[in-house]
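This is what each chain is made of:
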Amino acid sequence: MVLLLIGFTITAPASDTQKADYWETQQDGRRITGKVIDENGETLIGVSVMVKGTNMGIVTDVDGNYVLNNVPENATLVFSFVGMSSQEILVGNQTNINVTMKEESIGLEEVVAIGYGTRRKVNLTGSVASVTSKDLEKRSVTQSSLLLQGKMSGISVRQSSGNPAENNASLLIRGQNTFSGAGNSPLVLVDGIESSIDAVNPGDIESVSILKDAASAAIYGSKAANGVILVQTKKGVTGRPVVSYNAYLGKGSPTMLPEMVNSWEYATALNEASVNSGGNPLYTEDQIQKFKSGADPINYPNFDHMNYVFGSGSGMENKHDLSVRGGTQGTQYLVSAGYFNQQGLIKKNSEDQYNLRLNLDTKLRDNLTFSAKLSGLATNNKRPMAYDGTMGGIIRGAMRNSNAILGVYPDGYYGRNESIHPEADLESKNFIKANGHSFYSNAEMGWNISKDLKLTGQVGYTYGNSENITFRAKYNVTPDYNVSPNYLRNTWSKSNALTMQTFAEYTKSINNHDIHLLGGISGQTYYYKYIMAYRDQFPNNELYEINVGATANGQEGGGASRSRLASYFGRLNYGYMDKYLVEVNFRYDGSSRFPGKSRWGLFPSFSAAWRISEEQFFKQSVPWMNNFKLRASWGELGNQSIGDYPYQDLIYLGHNYPFGNTYTAGAAVTTIANKGITWETTRITDVGLDMSFIDNKLSVTADYFIKNTMDILYNVSVSGILGASPSASNAGTVQNKGWDFDIAYNNTIGDFNYGISALFSVVHNKVTKLANIERDINRGLFVGYPIGSAYGYTSSGLFVNDQEVQSAPTQPFQFLANAGGIKYVDISGPEGVPDGIVNSSYDRTIIGQPLPITTYGFTFTGGYKNFDFNFLLQGEGGRKAMITIDHFFPLDNNGNIQRDAFENRWTQANPDPNAKYPKLILTSTDFYLANPVDYWFRNATFLRLKNVQIGYSLPKEIVNKISLNRLRIYITGENLFTLTNYYKNWDPEMSTGGSNRFYPLTRLYAVGVNIDF
């Protein structure tokens, strides 16, 4: 038989005689059978049974049975299972070996995924955090990225929107590394192939590992600067098929929603602001009373636009997952299918997801294995759209329009504030649709050449395509005002990536010395293409295909990009008596995104660990400590995500030139290419310790790290005389340093078992170099401060009276310089000391902390007989921010006012210098956004009850009678309550920027069921 392994052609031995030359353990082995159960007599599925020191092994089937062939008499079998103490049993003359696994509170022998393989957790030298399906299955979430919230230290998981199309989480591992277009997202590998964690159905995940330091991530080289997330999907089992069905049905509502004042309160506030701004009242007392009485709801309404919009959707969601796992001793399979539907808080806003997966593992020969993994994801998203082409326009309008403006008239027309009319937009035939399809494939073949040497070849291919449709209809808002013309914009895109890699592993144990070598090559190709078409003036709102629209204003566009990456990588592990551990990694990457002289980069790492608890003197003096390990690591990682070929000289069309009296089409070089551009490099130093106590019931892990990212891409400003813009150069440096802490305790008392775990992370981020300048105000970059820092004025409360204004420094905005206005502070002047004048040149400083400094989580799990319970607290601290949505501030450009601002404003009757809101005045559009002051910045620290779940499993004697193996029902809640001092009714985790303005996170109540057949 000929085995092709990506670049290598190897002839595998076909006869038993030839095999003996390669694998000496086949000379006179025996057949070993057995069954594995737990302490309660329950069979354990998926227990790993390995011949120690070799790659030979199997997992137990659905009945807990296993069969191993060709096992030598002198062999030792190793039985391991997540959450159980590993056992080693000498075969000797035995042919049947039954094992009872005992629960281990802390899984020191647990095997976790690392780069290109696995490692016993106790023998790790780098900083790796891991979580298994047992820990993840308690959450009812829409996206797999949300499963990681509050589960592991060192990773920040933030959900910024409740929009069904955008409710995934952003992931940061140990801080924000760069401010360039390279981005800060970690590399995600699904079963070894680059993909997205949200492309995996949460129910298909077996485990997730986070590679946090360079020692663990350097083997992924130029793509690992932001950390690496390894996702392992579930596999099949040996034995009769196990059919599982999991489902839940839930109802969502906003976690927090801004409350606006009633119409009569709005009229009162507007009168007050008008007088305070030097004008006259805009409403009479009689009109205010008419608003309050409700007798004339057409002319004097009290219409709540926010509740109309965010109460228009049902908020219902349901999820169904069906899987089948089974197989023979030679072949195991997993087939799963999933469907998820979420209805948004706003009507016409929904998401449908369809998942399909096949995982197949087979043994072609005793020393030859093959696995294939195929999965597909289809998504359909729908959103309503405002006249401005975004759903955020509807949200903006609902917030800006006061309750004194009627939303919907009995005759079918709508109220509006200038060009703002959210109800008309929501009820129109406007829409945004996005349809996406992605395909993932992964084939792997492994050949155990001998008991010490294994060769693996892997091919992965991912493909994605999407269609985005934006249609604005033509519709009437009032009898004399309409939205026109109607238009349609279609954008189609597709992408694919091909990965081919081969690596060899050599494992050898000689006396007390353990050596593991790994080396390989990898090649990756990426391709992306898009095309766009636009037309307007469609004959009606029912026909919205491109060819129906008028051609006069038609537009089209498109583009494509391709890049390649070639790599060589390797790793050496050495251990002596499981006490002294050393690991060396390297990766040598070449990227087509860089010019030839800087195309290749070397990324090494070194790490070592000392298991002091294995020393005899330690065992005698500290017998109650089961594990005590010190770790240290250093390494470099890269970031090659700089766009495609920025070093090339490009000529741009569309630059027309006059020749005499004729305007002639032309082209120009608008950007000066940088021929010396190279990688962004991240250098990480990490020191850590791992401890466990009290029969491994209590564990503590702590890490201190310093991470410096150098050669960050930055566009240096130059004089306009140059006539062109320079491309980015490697001119910036950022530092992240901090701590990770994890603590866990597990115990069993009779029928009651419980687990408590807590995590806490601290990250201090700052820009340490920015070309030859100290600050870039527009981009929020300041040397010595975090990326994205807010820059503005400082204040010392509010003016109590006009006399205080007279004695204060000259204020920058005279219309605010009166009683009840913000008191701006004179920081400095031309001579470096306060000069009695507050202005933008000398009196602005850093006033906002954009990134959380701390993240934390606390989990409690428990079980009593057939009941189980789980709750998760999660939060972050240290961030100081202001709301960035337009028209947030009271009466901003004829806008609305929130109840919190109305009830806590400065007034003559209550001249509190520390009031939460200043005196009401009329301001121009987004005045405070354009001129930030620390008065508006609030502490965004929060603690959230993220999840509570209570379940009950029917007794086995009952479920067996109805031909089931398991039946569990549960109730669960997500985002149940939040403790914070942020702006009232504003979720501190929610984003308030961008075209969507904001979309509240969802508080979910659901009931679910888990059934195994």
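Residues numbered from 1 in each chain as written. Predicted model: local features only at pLDDT ≥ 70, side-chain atom pairs only at ≥ 80, totals over all residues. Heavy atoms only, no water.

A.B. asks: Help me out: how do you make sense of the side chain of Arg944 in this one?
C.D. replies: Mapped onto the fold, Arg944 is located in strand β54 (residues 942–953). Arg944 gets classed as buried once you look at its relative accessible area, which sits at 0%. At 2.6 Å, the side chain of Arg944 forms a polar contact with the side chain of Glu989. Those residues in contact with Arg944, other than ones at most four positions away along the chain, are Leu872, Leu873, Gln874, Asn975, Phe977, Thr978, Asp987, Glu989 and Leu1001. (Helix = DSSP H or I, 4+ residues; strand = E, 2+ residues; numbered from the N terminus. Buried < 20%, exposed > 50% of the residue type's maximum accessible area, 1.4 Å probe, protein only. Polar contact = N/O pair within 3.5 Å; in protein donor to acceptor, adjacent residues only side chain to side chain. Contact = heavy atoms within 4.5 Å.)

A.B. asks: In this structure, what is going on with the sheet that holds strand β18 (residues 228–233)? I would like to understand it.
C.D. replies: The strands that make up a sheet pair up through hydrogen bonds in the backbone, lying either parallel or antiparallel. Taken together, the 5 strands give an open sheet; going across it, the order is β12-β17-β18-β15-β16, and neighbouring strands pair in mixed fashion. Two strands bound the open sheet, and with one partner strand each, they are β12 (128–132) and β16 (193–194). The pairing of β12 with strand β17 (residues 205–211) spans 5 bridges and is classified as antiparallel. Bridge pairing in β17 places Thr132 opposite Ser207. (Pairing = 2+ DSSP bridges.)

A.B. asks: Can you help me understand the packing of helix α4 (residues 263–276) against helix α5 (residues 285–293) in this one?
C.D. replies: For any two helices packed against each other, the geometry comes down to the angle between their axes and how far apart the axes lie. As a packed pair, α4 and α5 sit with axes 7 Å apart at the nearest point and diverge in direction by 155°. Between α4 and α5, the interaxial angle falls into the category roughly antiparallel. Residues Ser263, Trp264, Ala267, Thr268 and Asn271 of α4 touch α5, and the partners they reach there are Ile288, Phe291 and Lys292. Looking at side-chain class alone, the contact of α4 with α5 contains 4 nonpolar, 3 polar and 1 charged residues. (Axes fitted to C-alpha atoms, helices over the stretch in contact; angles between N-to-C directions. Parallel < 35°, antiparallel > 145°, perpendicular 65-115°, else oblique. Nonpolar A, V, L, I, M, F, W, Y, C, P; charged D, E, K, R; others polar.)

A.B. asks: What is the right way to read the nonpolar core from this model?
C.D. replies: Soluble globular proteins tend to bury their nonpolar side chains together. Ranked by size, the top nonpolar core spans 63 residues in total, and within it Trp936 and Trp986 carry the most contacts. Listing elements by their share of this core, those giving two or more residues are α4, α5, α6 (305–310), α7 (392–400), β46 (790–793), β48 (822–824), α11 (899–903) and α12 (927–930). Among the elements that line this core, the one with the most residues is α4, at 5 residues. Not counting the four nearest positions on each side in its chain, Trp936 is found in contact with Ile822, Ala881, Met882, Phe889, Pro890, Tyr917, Pro918, Tyr928 and Tyr983. In this structure, Leu148, Met152, Ala169 and Leu171 belong to the second largest nonpolar core, which totals 24 residues. (Core = buried A, V, L, I, M, F, W, Y, C linked by side-chain atoms within 4.5 Å.)

A.B. asks: How do you make sense of the packing of aromatic side chains when you look at a structure like this?
C.D. replies: How two aromatic rings sit relative to each other is set out by the distance from centre to centre and by the angle between their planes. Across all of its chains, the model carries 52 aromatic pairs by this definition. Between Phe310 and Phe998 the ring centres are 5.9 Å apart and the planes differ by 25°, which places this aromatic pair in the stacked class. With Phe310 in helix α6 and Phe998 in the loop between β55 (966–980) and β56 (1002–1012), this residue pair connects regions lying 688 residues apart in the sequence. There is no split in this pair, since Phe310 and Phe998 are both buried. Between the aromatic rings of Trp624 and Phe693, the centroid separation amounts to 5.8 Å while the plane-to-plane angle is 20°, which identifies the pairing as stacked. In this pair, Trp624 is assigned in the loop between α9 (616–621) and β33 (625–639) and Phe693 in strand β39 (residues 680–693), connecting sequence segments 69 residues apart. Given a relative accessible area of 53%, Trp624 falls into the exposed group. When the ring centre of Phe431 is taken as reference, the NZ or CZ atom of Lys433 above it lies at 4.9 Å. (Phe/Tyr/Trp six-rings, centres within 6.5 Å; stacked < 30°, edge-to-face > 60°. Lys NZ or Arg CZ within 6 Å of the ring centre and 35° of its normal.)

A.B. asks: Would you mind showing me how to read empty space enclosed by the protein here?
C.D. replies: Once rolled over the atoms, a probe with the size of a water molecule shows which space is left empty. Counted according to the given criterion, the structure contains 8 cavities of 30 Å³ or more. The volume enclosed by the largest cavity comes to roughly 150 Å³. Around the largest cavity, the lining comprises 16 residues; the ones closest to its centre are Thr142, Leu146, Gln159, Asn975 and Thr1002. Sorting the residues of the lining of the largest cavity by element identifies β55 and β56 as the ones contributing at least two each. A breakdown of the residues in the lining of the largest cavity according to their chemical character gives 3 nonpolar, 9 polar and 4 charged. Roughly 120 Å³ of internal volume is contained in the second largest cavity. As for the second largest cavity, its lining consists of 14 residues, and the residues nearest its centre are Tyr116, Leu189, Tyr220, Gln524 and Arg587. Where the lining of the second largest cavity is concerned, the elements lending two or more residues are β15 (187–190), β16, β28 (487–510) and β29 (513–536). Partitioning the lining of the second largest cavity into residue classes produces 6 nonpolar, 5 polar and 3 charged. (1 Å grid on protein atoms, 1.4 Å probe; cavity = no way out; pocket = protein on both sides within 12 Å on 5 of 7 lines; lining within 4 Å. Points joined across faces, edges and corners; volume = space filled by probe spheres on them.)

A.B. asks: Looking at this model, I keep getting lost on the sheet that holds strand β9 (residues 99–101). Mind explaining?
C.D. replies: With mixed pairing, the 3 strands of this open sheet are ordered in space as β6-β3-β9. Of all the strands in the sheet, just β6 (65–71) and β9 have a single pairing partner and so form its edges. Pairs of neighbouring strands in the sheet enclose a mean axial angle of 30°, with direction left out of account. Bridge count for strand β3 (residues 30–38) against β6 is 5 bridges, and the pairing is antiparallel. Counterpart to Lys35 in the pairing with β6 is Asn65.

A.B. asks: Looking at this structure, I do not really get unusual backbone geometry. What am I missing?
C.D. replies: Of all residues except glycine, most have a negative phi; of all peptide bonds, most are trans. Omega for the bond connecting Ser484 with Pro485 falls within 30 degrees of zero, at -5°, which places this linkage in the cis form. Mapped onto the secondary structure, Pro485 falls in the loop between β27 (481–483) and β28. Within the chain, Leu891 stands out as a residue other than glycine whose phi angle is a positive 60°. The class of Leu891 is buried, set by a relative accessible area of 2%. The phi dihedral of Asp926 is positive, around 55°, even though this residue is not glycine.

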